Amino acid sequence: MKVGIPSEIFPNELRVAATPKTVKRLLKQGFEVQIQKGAGVKANFSDKEFEEAGAKIVATAADIYGKSDIVLKVKEPSMEEVDMMKEGLVTLSYLWPAQNPDLLKKLADKKVNAIAMDGIPRISRAQKMDVLSSMANIAGYRAVIEGSFHFGRFLNGQITAAGKVEPAKVLVIGAGVAGLASIGAANSLGAIVRAFDTRKEVAEQIESMGATFLTVEIEEDGATSSGYSKEMSKEFIEAEMKLFLEQAKEVDIVITTAQIPGKPAPKLWMDYHVDAMKPGSVVVDLAAATGGNCMYTKNGEVYTTPSGVTIVGKLNQLPNQASQLYGNNLCHLLDDMGKAEKWKIDMEDAVVSRAMVTYNGKINWPPAPLPVSPTAGGKPKVVPPTEAETKATNEAAAKKATTSMVITLAVVGGLLFLVGKFAPSEFIQHFTVFVLSIFVGWQLITNVAHALHTPLMAVTNAISGIIVVGGLLQTTGDIKNPVTIIAVVVILIVSINIVGGFFVTHRMLKMFKK
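All of these numbers come straight from a predicted model, not from anything done at the bench.

Definitions and cut-offs
- Residues numbered from 1 in each chain as written.
- Predicted model: local features only at pLDDT ≥ 70, side-chain atom pairs only at ≥ 80, totals over all residues.
- Heavy atoms only, no water.
- Helix = DSSP H or I, 4+ residues; strand = E, 2+ residues; numbered from the N terminus.
- Contact = heavy atoms within 4.5 Å.
- Phe/Tyr/Trp six-rings, centres within 6.5 Å; stacked < 30°, edge-to-face > 60°.
- Buried < 20%, exposed > 50% of the residue type's maximum accessible area, 1.4 Å probe, protein only.
- Lys NZ or Arg CZ within 6 Å of the ring centre and 35° of its normal.
- Pairing = 2+ DSSP bridges.
- Axes fitted to C-alpha atoms, helices over the stretch in contact; angles between N-to-C directions.
- Salt bridge = Lys/Arg side-chain N within 4 Å of Asp/Glu carboxyl O.
- Left-handed = near helix turned anticlockwise from the far one by under 90°.
- Nonpolar A, V, L, I, M, F, W, Y, C, P; charged D, E, K, R; others polar.
- Parallel < 35°, antiparallel > 145°, perpendicular 65-115°, else oblique.
- Core = buried A, V, L, I, M, F, W, Y, C linked by side-chain atoms within 4.5 Å.
- Expected span 1.5 Å × (residues − 1).
- Right-handed = clockwise from strand over helix to strand, strands pointing away.

Q: An account of the overall build of the protein chain is requested, with residue identities and associated values reported.
A: A count of helices and strands for the protein chain gives 16 helices and 17 strands. Within the protein chain, contacts between residues separated by at least 24 positions form 64% of all contacts whose residues are at least 6 apart in sequence.

The structure is reproduced here in structure tokens:
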């Protein structure tokens, strides 16, 4: 099977659907790869790099669409590109199916099987294919970098001989993938970070990344089964606008990330919010392409209001990095569809069936809903037990535990009696060492704080503790005894392993401290 990658025709689109690294991965999947000449130039990938990776360079888009079985793109195809497509072609790209019904109809008429990468459902299995998340991660990081550039001052606080510099205050509106990426980047640069989201469930995520979660007093949750926020009540919105006005007077950089699939972005940062901000402040609107969250946003432009606030309506896409992540997303989806050897369009698959917007000449949009997170209303009501019930349960559990312990001790005692009665004395000596090693090692392990049981050291230190005890029991006063020499060497090596394990754990725990 042949995979083709055409050049992107939109002038502001700098990404490409494959990189030299993902070309090598496509070849390992069993595909032949052909790419249009100059397709990767805007993302700093030369034709020579693609050729060295194993791709064939072709001259025109017509060669790609007419001689490929699968076409990988970034932006949705134009009507002219659809005219070049052959029947039965499979395309993977952004499509924005809710906004492009005419495009879907033309793709269906051409019997092109089109997968909307922006239509990948947000479920655990599909995270590796979720282009919205991978691109939002880049956008969130870049928003902080560009916001800092236009702000023109330090983000972190400093005390120098010349005077004290206060840390910048950053407000992030929306704690999805882009919002959390912004929080992480701003926090790492030393800013004071605050974040707002209508979904109460993200409060812990926000706080875990070092930001302060802002909310209103009204008890209303914006979480939905789709993973996106719902439209809030009039009372909630009024309280939200009041909170934003208070924050506008304090913060230096505002990053807005709220978007609704298939609809214009909601207006959250009004003109009076911008007017209340200090001169030199910055608003970075990540929803500029869909109308913007800020009233003053102009898509594709950066400008300064009369009051001195800079509104950023465009971001550098980081095309090289973005192309790599986007290409990885595409490769993961092709993996799931069987690669070249077992290629199959499985319309029973939860991911493929919802992302395949046109199939065999028919429009397959909108797809059936697929809940990805429980809502508050779906949680069962838990009735706490009464005091009498709790006491009875505890007594029954204690009685059961006592009986179980007595039986266990009786069985172990009987086994030890049989071993002592019939086993040779040499075996009894070694068996005693073995039992003591297990007992002492177990006591060492169980008394270590659970916070120290990291994946890197939990098992190795458990084994190492037992080995140290066994080595100590094998040492004698005779330093020339081979057994003693071996035991000392073992104790030394294992002690190094234990100390190293705790040192690594200490370093890991420090990663979670500001």
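Q: Account for the packing of aromatic side chains, naming residues and giving values.
A: All chains considered together, the criterion is met by 6 aromatic pairs. Aromatic side chains F45 and F50 sit 6.1 Å apart centroid to centroid with 65° between the ring planes, which places their arrangement in the edge-to-face category. On the accessibility criterion, F45 (9% relative accessible area) is buried. A ring pair is formed by F196 and F244, whose centres lie 5.1 Å apart and whose planes are at 85°; its orientation type is edge-to-face. One end of the pair, F196, is in strand β10 (residues 192-196); the other, F244, is in helix α9 (residues 234-248), and 48 residues separate them in sequence. Each of the two residues, F196 as well as F244, counts as buried. Every member of this aromatic cluster is reached through a ring pair, and the members are Y94, W96 and Y326. One residue, K75, lies across the ring of F10, its end atom 5.5 Å from the ring centre. Of note, K298 hangs over the ring of Y303, and the distance from its end group to the ring centre comes to 4.6 Å.

Q: Report on the sheet that holds strand β15 (residues 310-312), specifying residues and quantitative values.
A: Taken in spatial order, the 7 strands of this open sheet run β11-β10-β9-β12-β13-β15-β14, and their pairing is mixed. Two strands bound the open sheet, and with one partner strand each, they are β11 (212-214) and β14 (302-304). Adjacent strand axes in the sheet meet at a mean angle of 20°, parallel and antiparallel pairs treated alike. Pairing of β14 with β15, which is carried by 3 bridges, proceeds in the antiparallel orientation. Residue pairing across strands places V302 opposite V312, the latter belonging to β15.

Q: Describe the pattern of salt bridges, naming the residues involved and giving the relevant values.
A: Counted according to the given criterion, the structure contains 17 salt bridges. Measuring nitrogen to oxygen at the nearest pair gives 2.9 Å for the salt bridge that ties D335 to R25. Residue D335 is found in helix α11 (residues 319-336), and its partner R25 is found in helix α1 (residues 20-28); the two are separated by 310 residues along the sequence. Residue classification places D335 among the partly exposed residues on the basis of a relative accessible area of 25%. Residue R25 is classed as partly exposed on the basis of its relative accessible area, which comes to 24%. A salt bridge links D252 to K278, with the nearest nitrogen and oxygen atoms 3.1 Å apart. Taken together, the residues D252 in the loop between α9 and β12 (253-256) and K278 in the loop between α10 (271-276) and β13 (282-285) connect sequence positions 26 residues apart. A network of salt bridges, in which partner residues are shared, links R125, K128, D336 and D349.

Q: Explain the packing of helix α6 (residues 131-151) against helix α7 (residues 177-188) to me, and be specific about the residues and the numbers.
A: Look at α6 against α7: their axes get within 7 Å of each other, and the N-to-C directions meet at 35°. The way α6 lies across α7 gives a crossing that is right-handed. For the pair α6 and α7, contact is made by S133, A136, N137, G140, Y141, A143 and V144 and by V177, A178, A181, S182, A185 and A186, respectively. Its residues placed into classes, the contact of α6 with α7 shows 9 nonpolar, 4 polar and no charged.

Q: Run through the sheet that holds strand β2 (residues 32-36), naming residues and quoting values.
A: Overall, mixed pairing links the 8 strands, which are arranged β3-β2-β1-β4-β5-β6-β16-β17 in an open sheet. With partners counted over all chains shown, the strands left at the sheet margins are β3 (56-58) and β17 (362-363), one partner each. Here 2 bridges tie strand β1 (residues 2-5) to strand β4 (residues 70-72), and the two strands are oriented parallel to one another. Counterpart to G4 in the pairing with β4 is V71. Most of the contacts of α11 go to strand β5 (residues 90-93), to which it runs at about 140°, and overall it touches β4, β5 and β6 (113-116).

Q: Outline the packing of α1 against α11, supporting the account with residue identities and numerical values.
A: Axis separation between α1 and α11 bottoms out at 9 Å; the angle between their running directions is 10°. Judged by the inter-axis angle, α1 sits roughly parallel to α11. Residues K21, T22, R25 and L26 of α1 form the contact with α11, whose own contacting residues are Q324, G327, N328, C331, H332, L334 and D335. For the contact of α1 with α11, the class distribution of residues is 3 nonpolar, 5 polar and 3 charged.

Q: Which residues make up the nonpolar core, and what are the values?
A: Grouped together as the largest cluster of nonpolar side chains are 46 residues, with contacts concentrated most on I5, I70, L72, L92, M117, Y326 and L333. Of the residues forming this core, the biggest block, 6 residues, is contributed by α11. Other than its neighbours up to four places away in sequence, I70 contacts M1, K2, V3, G4, F31, L89, V90, L92, L334 and W343. Membership of the second largest hydrophobic core comes to 28 residues, among which are A185, A186, V202 and I255.

Q: If you had to explain α7 to someone new, which residues and values would you point to?
A: Here α7 spans 17 Å end to end across 12 residues, near enough to the 16 Å set by a 1.5 Å rise per residue. With 9 of 12 residues buried, α7 is to be regarded as a mostly interior element. Taken together, the buried positions of α7 are A178, G179, L180, A181, S182, I183, A185, A186 and N187. The inward-facing, buried residues of α7 abut α6, β9 (169-173), β10, α8 (203-208) and β12. Backbone geometry just after α7 places G190 at a positive phi near 95°.

Q: Can you explain the pairing of β10? Please cite residues and give values.
A: Within β10, 4 of the 5 residues are buried, which leaves it mostly tucked inside the rest of the structure. Pairing of β9 with β10, which is carried by 5 bridges, proceeds in the parallel orientation. Along β10, the bridge assignment pairs V172 with A195. One crossover worth recording links β9 to the parallel β10 by way of α7, and it is right-handed. Where β10 lies against β11, 3 bridges are found, and the strand directions are parallel.

Q: Give a detailed account of the environment of P306, specifying residues and quantitative values.
A: Mapped onto the fold, P306 is located in the loop between β14 and β15. Separated by 31 residues in the primary sequence, P306 and D275 have C-alpha atoms spaced 8.9 Å apart.

By themselves, these are just geometric observations and shouldn't be taken as functional.
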